[in-house]
Amino acid sequence: MLNTRIVVTRNGGQDVLEVVEESLRAPNRGEIRIKVQIVGVALADIMRREGVYPMSPVPPFTPGYDAVGTVEELGEDVDQYAKGDKVCVLFDGTGGYAAYVYAKVQDLVKVPESVDPAQAAAIILNYVTAYQMLHRLAKVKEGDSILVHGASGGVGTALLELGKLAKVKMYGTASSAKHPIVSRYGATPIDYRTEDFVEVLGGLAPGGVEAVFDPIGGSNWQRSIQTLSSKGRFIGYGYTSVLSEANPEEWIKDWKIFSGIKQTQSGNGVYLYSITTLRKEQPEWFHEDLSLLFKWLEQGKISPIVSHKIPLREAANAHRIIEEFEAVGKVVLTV
């Protein structure tokens, strides 16, 4: 049997993604081979493709964080799963774009049979990220106010839906065309192209907000801090400005500075979030939070937006959709 993988052949644009077919191997000891149904696509995949993500892998490599599928073959000493089990896996940013993937037992979580695989894929990376930032780091409580940058994206919409469940007051930056999505969750939309979010919040929330979630980086981080209340917390979880105006060295520099200070001069808490880092430091959190979110998905408490379903072989088109800001919520690849 053959496996189909998408490979970044060199750093560059969408054209560097190539389809590769190769023979399947047997799983190693303690490993499981998964027949993939859905693969998640993330903005970080594009950053790695272009080589601007800190410590990006050297091509050739297969991108991809999250995958949902069924157990197809068990390696030796694997007895926690059976063939046909519906499972998900979170990689450290590479390996997901494939028809079959291999994973260690500790990196797998069972997926409820009743849930939609595409929505399950949105839970693995986007919703776990949002949940942990809201509840593990910012520790929001009912009545708090929050600012969400990139509110129409995969993590942004997850933050809004989970924020609505937590009964917090929300503000979200997005282009005007995507304001209806932001409003759907009860958040107040702010047009980042025509409005100054610091000025807008100065009028709407003069006392400041209790938490800001900022994936943009650069000068936006400093401006986000200006919107915090006296006890507000800043959470940075990306650096998308690297795609247009910054460089990886600035990202690394800022990340080190913010990681080191822990708080602003005004005493506001500063947190930088990486799901791969936190999963290594607190592996039990990942399993606990993912299990809870799958339960909520089963119960209909949450319903992730899946913006586009693109065939695996057309991964370049999925990247284009994200790069041209056509997506709202999660973009996935189907196998």
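Structure shown above.
What you see is a predicted model; the values in this text were computed from it and never measured.

Undergrad: What's the story with the pattern of salt bridges in this structure? I'm lost.
TA: Two side chains with opposite charge may pair up if their charged atoms get near one another. Under the counting rule described, the total for this entry stands at 22 salt bridges. With its nearest N and O atoms 3.1 Å apart, the salt bridge here joins Arg-49 to Glu-50. Connected through salt bridges with shared partners, the residues Asp-92, Asp-107, Arg-279 and Lys-280 form a single ionic network.

Undergrad: Hey, could you run me through the nonpolar core in this one?
TA: Nonpolar side chains tend to gather and get buried jointly when the protein is soluble and globular. One finds Ile-146, Leu-159, Leu-162, Phe-213, Leu-293 and Phe-294 to be the most contacted residues of the largest nonpolar core, which totals 58 residues. For this core, the element with the most residues is helix 2 (residues 117–137), which contributes 13 residues. Leave out the neighbours within four places in its chain, and Ile-146 touches Leu-134, Val-140, Val-168, Lys-169, Met-170, Tyr-171, Val-209, Ala-211 and Phe-213. Judged by nonpolar contacts, the second largest core, of 37 residues, contains Ile-34, Ala-67, Tyr-81 and Ala-103.

Undergrad: Where do I start with the packing of helix 2 against helix 3 (residues 154–165) in this structure?
TA: A pair of packed helices is characterised by two quantities: the angle between their axes and the separation of those axes. Taken N-terminus to C-terminus, the directions of helix 2 and helix 3 make an angle of 55 degrees; their axes are 8 Å apart at the nearest point. Considered as vectors, helix 2 and helix 3 are oriented oblique to each other. Note on packing geometry: the crossing formed by helix 2 with helix 3 is right-handed. Between helix 2, through Asn-126, Tyr-127, Thr-129, Ala-130, Tyr-131, Met-133 and Leu-134, and helix 3, the contact on the second element is made entirely by Gly-154, Val-155, Thr-157, Ala-158, Leu-159, Glu-161, Leu-162 and Gly-163.

Undergrad: Any chance you could explain the pairing of strand 10 (residues 188–191) here in plain terms?
TA: Where strand 9 (residues 169–174) and strand 10 come together, four bridges link them in parallel fashion. For Thr-173, the partnering residue across the bridge sits in strand 10 and is Ile-190. In terms of handedness, the path from strand 9 via helix 4 (residues 179–184) over to strand 10 forms a crossover that is right-handed.

Undergrad: Teacher, can you tell me more about unusual backbone geometry here?
TA: It is generally the case that most residues other than glycine have a negative phi and that most peptide bonds are trans. Pro-59 connects to Pro-60 through a cis peptide bond whose omega is 0 degrees. One can find Pro-60 in the loop between helix 1 (43–50) and strand 4 (66–74). With phi around 70 degrees, Asp-77 is a residue other than glycine that occupies positive phi space. Structurally, Asp-77 can be placed in the loop between strand 4 and strand 5 (86–90). The residue Phe-325 is not glycine, and still its phi comes out positive at about 60 degrees. With respect to the helices and strands, the residue Phe-325 is situated in the loop between helix 10 (315–323) and strand 15 (330–334).

Undergrad: What should I look at first to understand the sheet that holds strand 8 (residues 145–148) in this one?
TA: Backbone hydrogen bonds hold the strands of a sheet together, and the pairing may be parallel or antiparallel. What the six strands build is an open sheet, ordered 10-9-8-11-12-13; its pairing is parallel. On the outer flanks of this sheet lie strand 10 and strand 13 (269–272), each paired with one strand and no other. In this sheet, adjacent strand axes meet at a mean angle of 15 degrees when their direction is disregarded. Packed onto the sheet, helix 3 meets strand 8, strand 9 and strand 11 (209–214) and runs at close to 165 degrees relative to strand 9.

Undergrad: Would you mind going over helix 1 with me for this structure?
TA: At 3.6 residues per turn, the α-helix brings residues three or four places apart onto the same side. With six of its eight residues buried, helix 1 lies for the most part within the structure. The secondary structure elements touched by the buried residues of helix 1 are strand 1 (2–8), strand 2 (17–23), strand 3 (31–41), helix 7 (248–261) and helix 10. Backbone geometry just downstream of helix 1 places Gly-51 in the positive-phi region, at approximately 80 degrees.

Undergrad: Would you explain the packing of aromatic side chains in this entry?
TA: How two aromatic rings sit relative to each other is given by the distance of their centres and the angle of their planes. Counting across every chain of the model gives eight aromatic pairs. For the ring pair Trp-221 and Tyr-239, a centre distance of 5.4 Å and an interplane angle of 80 degrees mean the geometry is edge-to-face. With Trp-221 in helix 6 (residues 219–225) and Tyr-239 in the loop between strand 12 (228–236) and helix 7, the pair connects residues that are 18 residues apart, well separated along the chain. When its relative accessible area of 0% is taken as the criterion, Trp-221 is described as buried. According to the relative accessible area criterion, Tyr-239 is buried, its value standing at 1%. Through successive ring pairs, a cluster of aromatic residues spans Tyr-53, Trp-221, Phe-234, Tyr-239, Trp-251, Trp-255 and Phe-258. Looking at Arg-25, its charged tip hangs above the ring of Tyr-102, at a distance of 3.8 Å from the centre.

Undergrad: Where do I start with the packing of helix 2 against helix 9 (residues 283–299) in this structure?
TA: For the pair helix 2 and helix 9, the least separation of the axes is 9 Å and the interaxial angle reads 115 degrees. The crossing of helix 2 and helix 9 is right-handed. Packed against helix 2, whose contacting residues are Gln-119, Ala-120, Ile-123, Ile-124, Tyr-127, Val-128, Tyr-131, Gln-132 and Arg-136, the element helix 9 presents Trp-285, Phe-286, Glu-288, Asp-289, Leu-290, Leu-292, Leu-293, Phe-294, Trp-296 and Leu-297 at the interface. Classifying every residue of the contact of helix 2 with helix 9 gives 14 nonpolar, two polar and three charged.

Calculation notes
Residues numbered from 1 in each chain as written. Predicted model: local features only at pLDDT ≥ 70, side-chain atom pairs only at ≥ 80, totals over all residues. Heavy atoms only, no water. Salt bridge = Lys/Arg side-chain N within 4 Å of Asp/Glu carboxyl O. Core = buried A, V, L, I, M, F, W, Y, C linked by side-chain atoms within 4.5 Å. Buried < 20%, exposed > 50% of the residue type's maximum accessible area, 1.4 Å probe, protein only. Helix = DSSP H or I, 4+ residues; strand = E, 2+ residues; numbered from the N terminus. Contact = heavy atoms within 4.5 Å. Axes fitted to C-alpha atoms, helices over the stretch in contact; angles between N-to-C directions. Parallel < 35°, antiparallel > 145°, perpendicular 65-115°, else oblique. Left-handed = near helix turned anticlockwise from the far one by under 90°. Pairing = 2+ DSSP bridges. Right-handed = clockwise from strand over helix to strand, strands pointing away. Phe/Tyr/Trp six-rings, centres within 6.5 Å; stacked < 30°, edge-to-face > 60°. Lys NZ or Arg CZ within 6 Å of the ring centre and 35° of its normal. Nonpolar A, V, L, I, M, F, W, Y, C, P; charged D, E, K, R; others polar.

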